[in-house]
Amino acid sequence: MKLSLERINEKIVWDNFVESSKQGVVFNRSSILEIYSNNIDYWMVLKKQIPVLGIAILKRDKKVIHNFPFSYYQGPMFSNEINNLNSFKKFEWTSKILNFLFKTLSKEYRSFSMS
């Protein structure tokens, strides 16, 4: 299955994904993330043009911000399509998606973190 990575420019698309994901919390909403930085790259991994993962990369002075305060979750957020799979399939797909994400984002950034 072919995956692709897309930068998301519409904040409403990002916020809707955050709200629908089981990993999404209020601290991942664009209005909260913008408290920490006005330079944010919103990314989504797509499977058949459908978002399956979202992650935000915050930058300040051209450097990625690591471990910003008051954010309980800075990691990837999966779509319900992935979250609702049975355990084996969920592990299989999260592994594929994360491997793709790490390989692709490592070409864009010298470093980034997720917690």
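Right above here is the structure, for reference.
Residues numbered from 1 in each chain as written. Predicted model: local features only at pLDDT ≥ 70, side-chain atom pairs only at ≥ 80, totals over all residues. Heavy atoms only, no water.

A. Here's a closer look at the overall build of the protein chain. Within the protein chain, the regular secondary structure consists of 4 helices and 5 strands. Each helix (α) and strand (β) of the protein chain, taken in turn from the N terminus, gives the series β-α-α-β-β-β-β-α-α. Classification of the 115 residues of the protein chain by burial places 40% in the buried group. Taking contacts inside the protein chain between residues at least 6 apart in sequence as the whole, the part at least 24 apart equals 63%. (Helix = DSSP H or I, 4+ residues; strand = E, 2+ residues; numbered from the N terminus. Buried < 20%, exposed > 50% of the residue type's maximum accessible area, 1.4 Å probe, protein only. Contact = heavy atoms within 4.5 Å.)

B. Examining helix α4 (residues 87-108) more closely. Helix length check: α4, at 22 residues, gives a terminal C-alpha distance of 31 Å against a target of 32 Å (1.5 Å per residue), a fit within 8%. When we look at burial in α4, the residues that qualify are Trp-93, Thr-94, Ile-97, Leu-101 and Leu-105. Along the axis of α4, the buried positions cluster into a sector of 100 degrees, meaning they face one direction only. Turned more than 90 degrees from where α4 packs its buried face, Phe-88, Phe-91, Lys-103 and Lys-107 sit exposed. The opening residue of α4 is Asn-86, an N-cap whose side-chain oxygen sits 3.2 Å from the backbone nitrogen of Phe-88. (Expected span 1.5 Å × (residues − 1). Arc of directions from axis to C-beta. Polar contact = N/O pair within 3.5 Å; in protein donor to acceptor, adjacent residues only side chain to side chain.)

C. Inspection of the pattern of salt bridges at higher detail. Inspection of every chain in the model, using the stated rule, returns 8 salt bridges. A salt bridge links Lys-96 to Glu-92, with the shortest nitrogen-to-oxygen separation between them at 3.4 Å. Of the two residues, Lys-96 and Glu-92 both sit in helix α4, 4 residues apart, roughly one turn of that helix. Among the residues examined, Glu-92 registers a relative accessible area of 24% and is labelled partly exposed. Look at the salt bridges and you will find they share partners, linking Arg-7, Asp-41 and Glu-108 into a network. (Salt bridge = Lys/Arg side-chain N within 4 Å of Asp/Glu carboxyl O.)

D. Geometry of the pairing of strand β3 (residues 50-60). For β3, a buried count of 8 out of 11 residues is recorded, marking the element as mostly surrounded by other parts of the structure. In the sheet, strand β2 (residues 39-47) pairs with β3 via 9 bridges, with the strands oriented antiparallel. Bridged to Leu-46 within β3 is Pro-51. What sits between the antiparallel neighbours β2 and β3 is a turn of 2 residues, in which Lys-48 has the positive phi angle 55 degrees. In the sheet, β3 pairs with strand β5 (residues 77-78) via 2 bridges, with the strands oriented antiparallel. Looking at the pairing, Gly-54 lines up with Met-77 of β5. (Pairing = 2+ DSSP bridges.)

E. Just the nonpolar core, in detail. Counting 14 residues, the largest nonpolar core has Val-45, Leu-53, Ile-97 and Leu-105 as the members making the most contacts within it. Counting residues per element, the ones that place at least two in this core are β2, β3 and α4. Of all hydrophobic cores here, the second largest spans 13 residues; its members include Trp-14, Leu-33, Met-44 and Leu-58. (Core = buried A, V, L, I, M, F, W, Y, C linked by side-chain atoms within 4.5 Å.)

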